[in-house]
Each structure stands twice: as structure tokens, then as C-alpha cells.
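Letter by letter, the chains look like this.
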Amino acid sequence: MEFTESYKQTGPCCFSPNARFLAVAVDYRLVIRDVLSLKVVQLFSCLDKISYIEWALDSEYILCGLYKRPMIQAWSLTQPEWTCKIDEGPAGIAYARWSPDSRHILTTSDFQLRLTVWSLVNTACVHVQWPKHASKGISFTQDGKFAAICTRRDCKDYINLLSCHTWEIMGVFAVDTLDLADIEWSPDDSAIVIWDSPLEYKVLIYSPDGRCLSKYQAYESGLGVKTVSWSPCGQFLAVGSYDQMLRVLNHLTWKTFAEFLHLSTVRAPCYAAVFKEVDEPLQLDMSELCLSDDFIQGNSGLMSWSKDSQYICTRNDSMPTAVWIWDIHRLELAAILVQKDPIRAAAWDPTCPRLVLCTGSSHLYMWTPSGAYCVSNPLPQFSVTDLKWNSDGSCLLLKDKESFCCAAMPILPESSEYSSDD
């Protein structure tokens, strides 16, 4: 691995979808760098400190959320003189996102009073009343033709289906939730999954025409669903729950075919490889491995699929220093990575089954089916608190508190050495 020098950042940083550019927020300035050289190719000045940035899918436009104002500014890489400013006035702006066609911006007002679709082509706008959430509750089909928007009125949750071409409402149907948490289209656009708040364990599968295809409820008492995620292939639906269990449903019957429990003590016989970070080499007895149960603040569940849908990594929030890697093909635990410090971020290589994680130290930790290893960042006093992959898997963005650097990632050889069948 090769590391670049560090550069200043004061907020969000993200790669463009075409993998060519890196956008970095530095106070009120938006700096666009070339990924290969990290040279500045564009510099835009916003009216206030940048809180949020998001690239359009075509990588030509980028929006900046100035939530202190509140205001949205958008810029064009091909037409630097072009600019766009969105101000909702007293309604405020709680969140903004691009539409799949890269020519519309969707904003949600404060207190979820309305969602507005702004056109960059003809300055027209469309309103959807009472969106359920600000940053959640909206999902687009993979082909970019339709949007599913969650709304709530008269104490009931609804799904609104909109055409992303005309932004007309194509259909509205009520859903059987007490307090809808989020929504996600399946990767093949054939189904919509929604799940209830943690107070009610309920995962519902709907067809686009509003028919309820399945209702899943693992248990009734206790806190319910924490996180839900489709596998990239669309054949599996993973559900992480507050009972410290990962359940995987199949897309044919919507029944569970795998249940994985995060035990605080791992005893033999266990065929999973266990990798533990230590200060010095020790003779470790792995016949009984006790994982730290120090509680981590917050309730954000970490659960992520590998690109090939064979592996899924999880972090049980009651054991924040451990990452569990499950093999869906073999229906077993493949590996556990036990770190000294709580895991800050973990992300799969978008091109192959390689997992990279950080803990706020100067090291990067990686896992592949062939094993695990650690790489030290050579930059002095650089603590990796967050990381992101470029979409082509060529490099990693590593963030410290007030700086960032990039790391060029070696391509894994396509050989049996890296196959999980070994």
C-alpha cells in the first residue's frame, strides 16, 4: 500500500461515482481534487460552512448542504460558472439528496412538513406533503424510474410511488406499521421492504402495487429490528435485531434460512478463524475466547454485505471491539476480528471480498478469505477515524479529525489462494 501526504478537511469528504474526483469540505470551501494526483481541479466558495455533500450519479453536479443557514448550493464541474441555490425560507431544510437522473434535487423541510422536488432543467418544483423522515424513508429503484416515499398522516404510515420522469404520484398505499423506520427497494426492483421502529418487531415485504407479500416477526416482546440490508444479488435479506441475532431471509419464500447469534464466549469446536490485536506476540488460548462487553454509546447497527453476497460482516454493539464475518454459502461463522479499541468504521472492497476497518488508531485492519493483516499508516500522529472506498476499489479515503489522506490499494490476484473454498 502507498499513502499520500495529508490534506486539510473540516467535514464531509466523498469520491465521485465515476471514481475520478474527490470532494472535500474545508470550512465554507468545496475543494474538488483529482483522485490520481490529488491536485485541485475546482474550488467553489459556499455562503456558509458545509455540513453535507453529495455527488450526482453522473458525477457532473455536486450539492452542498449548509444546514446552519439552512440552504442548499449546487455546482457543476463542467460549467464552473453555473450555480444553483435552494432556500426554503421559514420551512427550512433538514436534508437534501439527488434524484437518479442527476437533474433534480429532493429536499425535506424541518419538522417533515413537506418534501420538494426541484428541477435543475426548468426550475419547476413538486411537493409531497408530510414525509415521514428527513434523511430516511426514501428509496429509488435501481433503474432510476421510480421513487418510494414514506409519508404519515392521520397517525398512519403510507408509501407514495412517484415517477422519476414526471414526478407524478403513481400510487399510494397504507402499510401495517405502528411507526415506520425505513424503506428499501430490492436490487431487482420487484419488492419493497419496510420495517417498524424498535418498539415493534415487524419486517414487511410489499409489491410495488401495494400487495403485502410477507410479514416477518421473529418475536413479540422486547426491542425489535435494528437494521435491515439487501444482499447485492437480491436473493437474501439480512435483519439485525436487538436480541443480538442476525437473521437472513430468502427472496423466494421470505422465510429465515439462517440465524447467527453473537455469543460473548466463543468455545471450541469452532471452525472460524479468530484474529486478535495484541501489543506483543503472546501464546493465546483460543479454546475459550471472551469478548469485551463494554457498552458502546448509540444504537447504530453495523451490518454490511460483500460485493459477491457471500459474506456479511456485523458488529454487535454490546461488543464494540469485535467484527464478525459470516459465510452465507456455508451458513457458518468465517472469522472474528477482535481489536483493542472499538471499531469506528468497516467497509467492503466494492470489487472483491476484502474488508477494511479502523479503530481510531494509526493502523488499518484488513480481512480476506485467506486471512487478516494490519497496515500501519506512516503519517505522524494520523489516527484513522473513518474510511471510504473509491467505487473502482483502487484507493481508500482515510480521515483523521482535521485531515485526510488516500491509500492506493493493491489489486487482489484472482487465484485459488484468495478463494473461500480452500
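Residues numbered from 1 in each chain as written. Predicted model: local features only at pLDDT ≥ 70, side-chain atom pairs only at ≥ 80, totals over all residues. Heavy atoms only, no water.

Considering a nonpolar patch on the surface
Taken together, the side chains of F111, L113 and W130 define a hydrophobic patch exposed on the protein surface, amounting to about 370 Å² of accessible area. Structurally, W130 can be placed in the loop between β14 (125–129) and β15 (138–140). Taking relative accessible area as the criterion, W130 reaches 43% and is therefore assigned partly exposed. (Patch = residues over 30% accessible without salt bridge, like charges linked within 9 Å, V, L, I, M, F, W, Y side chains within 5 Å. Areas by Shrake-Rupley, 256 points an atom, 1.4 Å probe, with all protein chains shown as cover. Salt bridge = Lys/Arg side-chain N within 4 Å of Asp/Glu carboxyl O. Helix = DSSP H or I, 4+ residues; strand = E, 2+ residues; numbered from the N terminus. Buried < 20%, exposed > 50% of the residue type's maximum accessible area, 1.4 Å probe, protein only.)

Notes on the sheet that holds strand β10 (residues 83–86)
Within the open sheet, the four strands sit side by side as β7-β8-β9-β10. Their pairing is antiparallel. Both outer strands of the open sheet, β7 (52–55) and β10, are each paired with one neighbouring strand and no more. Geometrically, the sheet is characterised by an average inter-axis angle of 15° between neighbouring strands, direction not taken into account. Where β7 meets strand β8 (residues 61–66), four bridges bridge the pair, whose relative direction is antiparallel. Residue W55 lies in a different strand from β8, and its bridge partner there is I62. (Pairing = 2+ DSSP bridges. Axes fitted to C-alpha atoms, helices over the stretch in contact; angles between N-to-C directions.)

A few points about the confidence of the model for the protein
Averaged over all residues, the pLDDT of the protein is 92; the fraction at 70 or higher stands at 93%. For the stretch residues 294–299, pLDDT sits under 50, and the model shows 10 contacts to residues farther than four places along the chain or on other chains. Low confidence marks residues 415–422, where pLDDT is under 50. Its contacts with residues over four positions away, or in another chain, come to 14 contacts. (pLDDT = per-residue confidence, 0-100. Contact = heavy atoms within 4.5 Å.)

Structural notes on the environment of S304
By secondary structure assignment, the location of S304 is in strand β30 (residues 302–305). In this structure the C-alpha to C-alpha distance between S304 and W348, which are 44 residues apart in sequence, comes to 7.6 Å. Excluding residues that lie within four positions of it along the chain, S304 makes contacts with Y311, I312, C313 and W348.

Looking at the pairing of strand β13 (residues 114–119)
Burial within β13 is extensive, with five of its six residues counted as buried. Relative to β13, strand β12 (residues 104–108) runs antiparallel, the two sharing five bridges. Its bridge partner lying in β13, I105 is registered against W118. If you look at the hairpin formed by β12 and β13, you'll find five residues sitting between the two strands, and F111 has a positive phi there, around 60°.

Quick look at the side chain of Q339
With respect to the secondary-structure elements, Q339 resides in the loop between β33 (332–338) and β34 (345–348). At 3.0 Å, the side chain of Q339 forms a polar contact with the side chain of E277. (Polar contact = N/O pair within 3.5 Å; in protein donor to acceptor, adjacent residues only side chain to side chain.)

Description of the pattern of salt bridges
Enumeration over the complete set of coordinates arrives at 14 salt bridges. In the salt-bridge network here, residues are joined through shared partners; they are K132, R152, D157 and D179.

Topic: the sheet that holds strand β19 (residues 180–185)
In space, the four strands of this open sheet follow the order β19-β20-β21-β22, with antiparallel pairing throughout. Two strands bound the open sheet, and with one partner strand each, they are β19 and β22 (212–216). The mean inter-strand angle of the sheet, taken between neighbouring strand axes irrespective of direction, is 15°. Relative to β22, strand β21 (residues 203–206) is paired through four bridges, and the arrangement is antiparallel. In the sheet register, I205 faces β22, and the bridge partner there is S214.

So, the packing of aromatic side chains
Following the criterion strictly, the structure yields 18 aromatic pairs and no others. Summarising the aromatic geometry, the rings of W230 and W254 are spaced 5.8 Å apart at their centres and angled 75° between planes, so their arrangement reads as edge-to-face. Of the two residues, W230 sits in strand β23 (residues 225–230) while W254 sits in the loop between β25 (245–250) and β26 (256–261), which places them 24 residues apart along the sequence. One aromatic cluster in this structure is built from Y52, Y67 and Y95. Cation over ring: R29 sits above Y28, and NZ or CZ is 5.2 Å from the ring centre. For the cation-ring pair, R153 lies above Y158, with the distance from its terminal atom to the ring centre recorded as 4.0 Å. (Phe/Tyr/Trp six-rings, centres within 6.5 Å; stacked < 30°, edge-to-face > 60°. Lys NZ or Arg CZ within 6 Å of the ring centre and 35° of its normal.)

Things to note about the pairing of strand β4 (residues 21–26)
Most of β4 is tucked away: six of the six residues are buried. Counting the residues between successive antiparallel strands, the hairpin from strand β3 (residues 13–15) to β4 contains five residues, one of them, A19, with a positive phi of roughly 70°. With six bridges connecting them, β4 and strand β5 (residues 29–34) associate as antiparallel partners. Paired with A23 across the bridge in β5 is I32. Once β4 ends, the chain turns through two residues before running back antiparallel as β5, passing D27 with a positive phi of about 60°.

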